[in-house]
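Structural characterization, general
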Amino acid sequence: MDSSSFAVRCRNVIKVYDTGSQKVTALNGINLEIALGELMMLVGPSGCGKTTLISIIAGILDQDDGYCEVFGEDLLNMSIQRKLNFRARNIGFVFQAFNLLPALNAAENVSIPLIINGMKRAEAERKAATLLEQVGLGARVTALPSELSGGQQQRVAIARALVHSPRLIVCDEPTSSLDHETGHRVMALLKDVALHKDRALVIVTHDARIFDFADRIAKMDDGCIVEVKGATNRNLSFHQPTRSKR
Ligand SMILES: Nc1ncnc2c1ncn2[C@@H]1O[C@H](COP(=O)(O)OP(=O)(O)OP(=O)(O)O)[C@@H](O)[C@H]1O
Ligand SMILES: [Mg+2]
């Protein structure tokens, strides 16, 4: 498999948070490849580094060591402006805490990625409303986040991550506030809308009810990937992590 077959390639990625009084090694040598067309789930106990890893993959956070490439691009060494443009075009991110803008209604929140990419506001909000309908919120497009339930806010966040048709969607616990049926509906939508042969989906989850949607599941513990389960029909090579001496 040549490098153009991969959405994401991580090699020996290390992240140490330094709070001044303490150093926390959040990632301790991550090796991971996610193929184009693949839905990869990341699981593992609280604090094992899942959010840190996907934040690096999405270019929201810089690693301290190692290499991470998204669609062949090394985000760490990009200029800030190029990185912003790359992320705006290619990446959709569903935050664990949703991160909706409180003063904007659902449709306005969802339209942000389109407006950043240059679409006129009215057209962007029309598109946002269509996507909100697809996540079951057609009747709440003008509601503020504070007027929505946790599960409804989560679906607004998912619609916002999908609206600009990014090539890589990264979701942090996207079904944590959803009931079984809504969770399945959202997962089916994510797979249907987001997953094409030239795209990929990375989903952090504790939710065993959605494991069946994954092509592969990578298990993390203590800053490392300790096991990868799932289909090998994409002929992916996976290298077990080598522990850093740090
Ligand atoms: N900004 C930060 N400053 C210092 N330490 C941090 C920071 N963010 C995360 N950490 C630490 O890094 C480690 C990994 O955190 P991370 O948020 O990636 O875990 P997680 O697997 O997503 O956990 P959860 O399942 O609870 O969301 C934890 O020990 C955490 O306390
Ligand atoms: Mg987390």
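Computed from a prediction, not measured in an experiment: that's the story for all the values here.

The rules behind each value
- Residues numbered from 1 in each chain as written.
- Chains lettered and ligands numbered in written order.
- Predicted model: local features only at pLDDT ≥ 70, side-chain atom pairs only at ≥ 80, totals over all residues.
- Heavy atoms only, no water.
- Near = heavy atom within 4 Å.
- Polar contact = N/O pair within 3.5 Å; in protein donor to acceptor, adjacent residues only side chain to side chain.
- Helix = DSSP H or I, 4+ residues; strand = E, 2+ residues; numbered from the N terminus.
- Nonpolar A, V, L, I, M, F, W, Y, C, P; charged D, E, K, R; others polar.
- Phe/Tyr/Trp six-rings, centres within 6.5 Å; stacked < 30°, edge-to-face > 60°.
- Buried < 20%, exposed > 50% of the residue type's maximum accessible area, 1.4 Å probe, protein only.
- Lys NZ or Arg CZ within 6 Å of the ring centre and 35° of its normal.
- Pairing = 2+ DSSP bridges.
- Core = buried A, V, L, I, M, F, W, Y, C linked by side-chain atoms within 4.5 Å.
- Contact = heavy atoms within 4.5 Å.
- Donors = N, O, S within 2.8 Å, 3.2 Å for Na, K, Ca; no water.
- pLDDT = per-residue confidence, 0-100.
- Axes fitted to C-alpha atoms, helices over the stretch in contact; angles between N-to-C directions.
- Salt bridge = Lys/Arg side-chain N within 4 Å of Asp/Glu carboxyl O.

A short note on the site of ligand 1
- By nearness alone, 14 residues border ligand 1, and S46, G47, K50, T51 and T52 come closest of all.
- G49 places a polar main-chain atom, nitrogen or oxygen, 3.0 Å from an oxygen atom of ligand 1.
- Elements represented by at least two residues in the shell around ligand 1 include exactly strand 2 (23-35) and helix 1 (50-57).
- For the shell around ligand 1, the element with the most residues is helix 1, which contributes three residues.
- Residues that form the shell around ligand 1 fall into these classes: five nonpolar, eight polar and one charged.

Here's the deal with the packing of aromatic side chains
- Here the structure, examined in full by the defined rule, presents one aromatic pair.
- Their ring planes at 50 degrees and their centres at 4.6 Å tell us that F93 and F95 sit as a pair that is tilted.
- Taking relative accessible area as the criterion, F93 reaches 11% and is therefore assigned buried.
- Accessibility expressed as a relative area gives 27% for F95, which makes it partly exposed.
- Looking at R167, its charged tip hangs above the ring of F71, at a distance of 4.0 Å from the centre.

A closer look at the pairing of strand 1 (residues 6-18)
- Taken together, the ten bridges between strand 1 and strand 2 define a ladder with antiparallel strand orientation. Looking at the pairing, R9 lines up with E33 of strand 2.
- Remark: four residues form the turn of the hairpin made by strand 1 and strand 2, two consecutive strands paired antiparallel; G20 in that turn has positive phi of roughly 95 degrees.
- Sheet analysis places strand 1 next to strand 4 (residues 65-70), joined by five bridges and oriented antiparallel. Bridging from a neighbouring strand, R9 pairs with E69 of strand 4.

Some words on the nonpolar core
- Judged by nonpolar contacts, the single largest core of 41 residues is most densely connected at L39, M41, L132, L190 and L201.
- Contributing elements (two or more residues each) for this core: strand 3 (39-43), helix 3 (106-116), helix 4 (121-134), helix 5 (150-162), strand 7 (168-172), helix 6 (180-194) and strand 8 (200-204).
- The dominant element in this core, judged by the number of residues it contributes, is helix 5, at six residues.
- Apart from residues lying up to four places away in sequence, L39 is in contact with M187, K191, L195, L201, I203, F213, A214, D215 and R216.

Some points on the coordination of the magnesium ion (ligand 2)
- Every protein donor of the magnesium ion (ligand 2) is accounted for by T51 (OG1) and Q96 (OE1), and the metal-donor separations fall at 2.0 to 2.5 Å. In this pair, T51 sits in helix 1 while Q96 sits in the loop between strand 6 (91-94) and helix 3, placing the two residues 45 residues apart along the sequence.

Re the confidence of the model for the protein chain
- Here the protein chain averages 91 in pLDDT, and 92% of its residues register 70 or above.
- For the stretch residues 232-246, pLDDT sits under 50, and the model shows 40 contacts to residues farther than four places along the chain or on other chains.

Details of unusual backbone geometry
- For N12, which is not glycine, the phi dihedral falls at a positive 50 degrees.
- Counting through the fold element by element, N12 comes out in strand 1.
- The partly exposed category is assigned to N12, whose relative accessible area is 36%.
- With phi around 50 degrees, S165 is a residue other than glycine that occupies positive phi space.

Some points on the side chain of R199
- Residue placement: R199 occurs in the loop between helix 6 and strand 8.
- Not counting residues within four places of it along the chain, the set of residues in contact with R199 comprises A35, L36, G37, E38, S165, P166, R167, V193 and A194.

What to know about the sheet that holds strand 5 (residues 73-74)
- In spatial order, the strands read 2-1-4-5; together these four strands make up an open sheet with antiparallel pairing. A strand with exactly one partner marks an edge of an open sheet, and here the two such strands are strand 2 and strand 5.
- Relative to strand 1, helix 1 is tilted by about 125 degrees, and along the sheet it contacts strand 1, strand 2 and strand 4.

Quick notes on the environment of Q153
- Along the chain, the position of Q153 falls in helix 5.
- Taking the C-alpha atoms as reference points, Q153 and L27, 126 residues apart in sequence, are found 29 Å from one another.

A word on the pattern of salt bridges
- This model, assessed by the stated rule, comprises seven salt bridges.
- The shortest N-O distance in the salt bridge between R209 and D207 comes to 2.9 Å.
- What makes R209 partly exposed here is its relative accessible area of 38%.
- Ionic contacts of the salt-bridge type, sharing partners, join the residues E108, R121 and E125 into one network.

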